[in-house]
Amino acid sequence: MSETVQVSSSEAPPHPLQEFWHYFSQNAGAVAGLVFICVIVVVAVLADVLAPHPPFEQYRDALLVPPFWQDGGSTRFLLGTDDVGRDILSRLMYGARLSLMIGAMVVTLSLAVGILLGLVAGYFRGATEAIIMRIMDVMLALPSLLLAIAIVAILGPSLFNAAIAIAIVVLPHYVRLTRAAAISEVGKDYVTASRVAGAGRMRIMFITILPNCMAPLIVQATLGFSSAILDAAALGFLGLGAQPPTPEWGSMLANALQFLQRAWWVVTFPGLSILLTVLAFNLMGDGLRDALDPKMKV
Amino acid sequence: MSDILLAVRDLKVHFPVRSAGWRGAHCHLKALDGVSFDVRAGESLGVVGESGCGKSTLARALLQLIPPTAGQVLWLGEDIAGLGDRAMRPRRRGLQIVFQDPLASLDPRMTVGDIIGEPLRVFQPELKPDQIRHRVETLMGTVGLLPHMINRYPHEFSGGQCQRIGIARAIVLQPKLVVCDEPVSALDVSIQAQIINLLMALQRQMGLALIFISHDLSIVRHLSHRVMVLYLGRVMELGHRDGLYRNPLHPYTRALLSAVPIPDPDLERARQRVTLTGDLPSPLAPPTGCVFRTRCPMADRRCEEHTPLLEPAGPGRQVACHHWRRNADT
């Protein structure tokens, strides 16, 4: 009886993407995160069209205007203006471009290099592992911001170089995580079975072991996305990241700290943007991990 | 003997071990110490012994998953001992393994189709995906799985089904010899019988040779042509199944056989048991002379001083004991 049901239900196996969406959509938080990220991406891409004002335009007649629902606010500047009269909403929209770009760049770079080094260290062990891991330990031993500052000082201050510096600074986390996961997988029977099946080193590392190490990496990557945005802000604050007029969320936040008492909106909205984006990525990361792990499927 | 597939000569696997403490003394754990035997095409060799006697090490050393310390492993007349992964690759086609833990030996992120098809993709890259799929589905039918389950993941299967998948993966390249490392000890008794019968059917159909490692003497008796008894990494006795079970020559074999329960309660009550006292000695410090002497009811001074060599004791029979002639009479 149960057998006939099984046959009919699996006659047309669903497309892998369809199946992935089925499991992903069961997690409400993950879907909310995904929706929010999509909105931010659309806003970032269409900032030229959507933004009510140019991001650099200084309205000298409207310094520190509060958001429209407060006394003194107007619908001309929906979220108010900053200390030199620039529209905050427009700057946030343009800032989304930079923040997302930094996050994506840092995560892609550090994940790609980190997975490669971590897998090599975890698979080959011995001297290779010792060399890679000791270098990573040295990098971890230095205060991360100090190391980033040093790297930016060598490369020259710009947003792009700041992203590279942050990617290098967070690299040891990915390497350690991948290595630890790889070591625990290498000894398992299914890896031996793969060797017996004739798989070469590359196939064992990237097709057999790597997919089984991905769950912690996906979570780390989504968390890394948010910390990359924050680190970029810190570098921007020190004048080593986004250069002043550039509307980057972190530097907007840093530059406006002095107005925290007088004009809360100048600080709150960039902070809120970072918070919500970071939260959305974390929620989505959780959902991704669950949907990508076959053991979670029933 | 031209039909000898695998000839093992004086195989030794020693693991370097450091005793506790800083700069502890180096010593060697002799997991296998001078094992020799042959496997002919189409025959099944049962390997028995208690836990820790080197059964699984033997399986892995034969496939060069653990490099042997010394000795020869002649596969089709060619010594493969110590060959690296790359050199072993073409030879793996004919020499496969079935693992003890059915679920752990299957990649949790691959579908059944990918797992069974992996050897095909590696060794026959010219095959198209639908050809591989067809071969895999046919094979799934052969080992008693429903072919429509091809897109499922290992954790969706029961232990017995997982072991069928493992067997399918081992025979997909039509090997000559499959090493079965306790393939049924993790399964329920009712499932054990199904898997054993499947292995025997496959052996008949494909002319497979099997090395069947187990601690279950009844199962080994059921499917082996010849049986090898291991103790502490050494061969104690080797012989044809019927002769060995009817008239065990080595005192350890006798003790093992007398521990097998007999289903008939009258016979069970009437028989004399040879019970062993004590535990398996540490393989780090094996006894001098005969390794079994510490637990042997027949041990004397000679056993303490001279290591008994494996000597012929009748047709196809080998025993490593100074006193086997005394057992031959009884």
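Because the structure is predicted, anything quoted here is derived from the model rather than measured.

### Things to note about the overall build of chain A
So, point 1. A tally of helices and strands in chain A yields 12 helices and zero strands.
So, point 2. In chain A, the order of α-helices and β-strands from amino to carboxyl end is α-α-α-α-α-α-α-α-α-α-α-α.
So, point 3. The principal-axis extent of the C-alpha atoms belonging to chain A is close to 75 × 55 × 30 Å.
So, point 4. Residues classed as buried in chain A amount to 39% of the 298 residues present.
So, point 5. When contacts within chain A are restricted to residue pairs at least 6 apart in sequence, long-range pairs at least 24 apart make up 68% of them.

### Quick notes on the overall build of chain B
So, point 1. Counting its regular elements, chain B contains 12 helices and 12 strands.
So, point 2. For a compact globule of 330 residues, the expected C-alpha radius of gyration is about 20 Å, and chain B comes in at 21 Å, within 12% of that figure.
So, point 3. When each of the 330 residues of chain B is scored for burial, the buried share is 40%.
So, point 4. Of the contacts formed within chain B by residues at least 6 apart in sequence, a portion of 64% connects residues at least 24 apart.

### With respect to the sheet that holds strand β6 (residues 95–98) of chain B
Residue and element names in this part refer to chain B.
So, point 1. As summarised here, the arrangement of the eight strands in space is β6-β7-β8-β3-β9-β10-β12-β11, forming an open sheet in which the pairing is mixed. One side of each edge strand has no neighbouring strand; the edge strands of this open sheet are β6 and β11 (311–312).
So, point 2. Bridge count between strand β9 (residues 226–231) and strand β10 (residues 234–240): six bridges; the pairing is antiparallel. By the bridge assignment for β10, V229 is matched with E237.
So, point 3. Across the sheet, helix α1 (residues 55–62) is in contact with β3 (44–48), β6, β7 (177–181), β8 (209–213) and β9; its angle to β7 comes to roughly 150 degrees.

### Structural notes on the interface of chain B and chain A
So, point 1. Counting from both sides, the interface comprises 24 residues of chain B and, opposite them, 19 residues of chain A.
So, point 2. Ranked by residues supplied to the side of chain B that touches chain A, first place goes to helix α3 (residues 112–123) of chain B with four residues.
So, point 3. Counted by class, the side of chain B that touches chain A contains 11 nonpolar, five polar and eight charged residues.

### Details of helix α9 (residues 189–196) of chain A
So, point 1. Where burial is concerned, most of α9 of chain A is hidden: seven out of the eight residues are buried.
So, point 2. Among all positions of α9 of chain A, only D189, Y190, V191, A193, S194, R195 and V196 of chain A are buried.
So, point 3. Contacts made by the buried residues of α9 of chain A are with α8 (159–186) and α10 (201–237) of chain A together with α2 (85–92), β6, α3 and α5 (159–171) of chain B.
So, point 4. Backbone geometry just downstream of α9 of chain A places G198 of chain A in the positive-phi region, at approximately 95 degrees.

### Concerning the nonpolar core
So, point 1. Within the largest apolar cluster, 155 residues are counted, with the highest numbers of intra-cluster contacts made by I166 of chain A together with V178 and I211 of chain B.
So, point 2. In terms of residues, this core owes the most to one element, helix α5 (residues 88–124) of chain A, which gives 15 residues.
So, point 3. Excluding anything up to four places from it in sequence, I211 of chain B contacts V39, L45, V47, L177, V179 and C180 of chain B.

### As for the pairing of strand β1 (residues 4–18) of chain B
Residue and element names in this part refer to chain B.
So, point 1. Alignment of β1 against strand β2 (residues 26–40), held across 12 bridges, turns out to be antiparallel. Considered in β2, the bridge of R18 is made with H26.
So, point 2. When β1 meets strand β4 (residues 70–75), the two strands line up antiparallel, connected through five bridges. Considered in β4, the bridge of R9 is made with Q72.

### Observations regarding the confidence of the model for chain A
So, point 1. Residues of chain A with pLDDT of at least 70 account for 93%, and the chain-wide mean is 84.
So, point 2. pLDDT under 50 marks residues 1–11 of chain A. Its contacts with residues more than four places away, or in other chains, come to two contacts.

### Section: the environment of R9 of chain B
Residue and element names in this part refer to chain B.
So, point 1. Mapped onto the fold, R9 is located in strand β1.
So, point 2. You can call R9 partly exposed: it has 16 C-beta atoms within 10 Å.
So, point 3. Sequence separation between R9 and Q100 is 91 residues, and the spatial gap between their C-alpha atoms is 25 Å.
So, point 4. Contact partners of R9, with chain neighbours within four places excluded, come to S36, G71, Q72 and L74.

### Observations concerning the packing of helix α3 (residues 28–45) of chain A against α5 of chain A
All names here are of chain A.
So, point 1. At a minimum axis separation of 8 Å, α3 and α5 run at an interaxial angle of 110 degrees. If you check the angle between α3 and α5, you find them roughly perpendicular. Regarding α3 and α5, the two cross each other, and that crossing is left-handed. Counted together, I40, V41, V43 and A44 of α3 and M93, A96, R97 and L100 of α5 form the full contact between these two elements.

Cut-off values and rules
- Residues numbered from 1 in each chain as written.
- Chains lettered and ligands numbered in written order.
- Predicted model: local features only at pLDDT ≥ 70, side-chain atom pairs only at ≥ 80, totals over all residues.
- Helix = DSSP H or I, 4+ residues; strand = E, 2+ residues; numbered from the N terminus.
- Buried ≥ 20, exposed ≤ 12 C-beta atoms within 10 Å, placed from the backbone.
- Contact = placed C-beta atoms within 7 Å.
- Rg over C-alpha atoms; globule rule 2.2 N^0.38 Å.
- Pairing = 2+ DSSP bridges.
- Axes fitted to C-alpha atoms, helices over the stretch in contact; angles between N-to-C directions.
- Nonpolar A, V, L, I, M, F, W, Y, C, P; charged D, E, K, R; others polar.
- Core = buried A, V, L, I, M, F, W, Y, C linked by C-beta atoms within 7 Å.
- pLDDT = per-residue confidence, 0-100.
- Parallel < 35°, antiparallel > 145°, perpendicular 65-115°, else oblique.
- Left-handed = near helix turned anticlockwise from the far one by under 90°.

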